[in-house]
Amino acid sequence: MPRCPSVTRASEHELLVAGAHDLGIELDSAGGEALLRLVDELELGNAQFNLTAIRDRAGMLRKHVLDSLSLRPYLRGVRVADIGTGAGFPGLPLAIVNPERRFTLVEATGKKARFAEQTAERLALANVQVVHTRAENYSRSSFSIQWSRGSVVTGGFCAYAGHLCAPDGGYLR
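Let me begin by describing the structure that accompanies this report. (Residues numbered from 1 in each chain as written. Predicted model: local features only at pLDDT ≥ 70, side-chain atom pairs only at ≥ 80, totals over all residues. Heavy atoms only, no water.)

## Remarks on helix H3 (residues 57-69)
At step 1: Taken together, the buried positions of H3 are occupied by Arg57, Gly59, Met60, Leu61, His64, Val65, Leu66, Ser68 and Leu69.
At step 2: Where H3 is buried, its residues touch helix H1 (9-22), helix H2 (29-49) and helix H4 (91-97). (Buried < 20%, exposed > 50% of the residue type's maximum accessible area, 1.4 Å probe, protein only. Helix = DSSP H or I, 4+ residues; strand = E, 2+ residues; numbered from the N terminus. Contact = heavy atoms within 4.5 Å.)

## Concerning the side chain of arginine 57
At step 1: Its place among the elements puts arginine 57 in helix H3.
At step 2: One polar contact links arginine 57 to glutamate 12, side chain to side chain, over a distance of 2.7 Å.
At step 3: A distance of 3.0 Å separates polar atoms of two side chains, one belonging to arginine 57 and the other to aspartate 40. (Polar contact = N/O pair within 3.5 Å; in protein donor to acceptor, adjacent residues only side chain to side chain.)

## As for the pairing of strand E1 (residues 79-83)
At step 1: Across the five residues of E1, four count as buried, placing the element largely inside the fold.
At step 2: Bridge count between E1 and strand E2 (residues 102-107): five bridges; the pairing is parallel. Bridge pairing in E2 places valine 80 opposite phenylalanine 103.
At step 3: Note that the unit made of E1, H4 and E2 has a crossover that is right-handed. (Pairing = 2+ DSSP bridges. Right-handed = clockwise from strand over helix to strand, strands pointing away.)

Right, here's the structure in full:
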């Protein structure tokens, strides 16, 4: 999808830097560029696989990337799980700005898991692992913090993903 003539890569970068700053995150140019490349991948993937309902780049920047980054203050520990990651949100943006943490993105839908995995590889995110399975079937790790961005009610989330939480860990919803 071509950008509007008035929307440039520089203006998108400025939007990201300003939005991240409002969230208390100082983005360097490499981080900003990586987040823009993530949006590039999402835009291409959406055209092929219908990954998200948000189609415009400004919406992707605000509703996917910046919304994802708003979770950063709540992260703790090194091992983080994004349950039902979909197309990789919020896990991929958070992995970009938190290279010291390990992110496991769990997704049951094959096309979304493949997209998230390929995107992590293309962005050289060595701190991301994508697992294609249902959360209730995943049992290899315990995480410091985990979340579900989807519409699962808290009790349901605990029922199918509570076993993934470390004894002193927590979850966000």
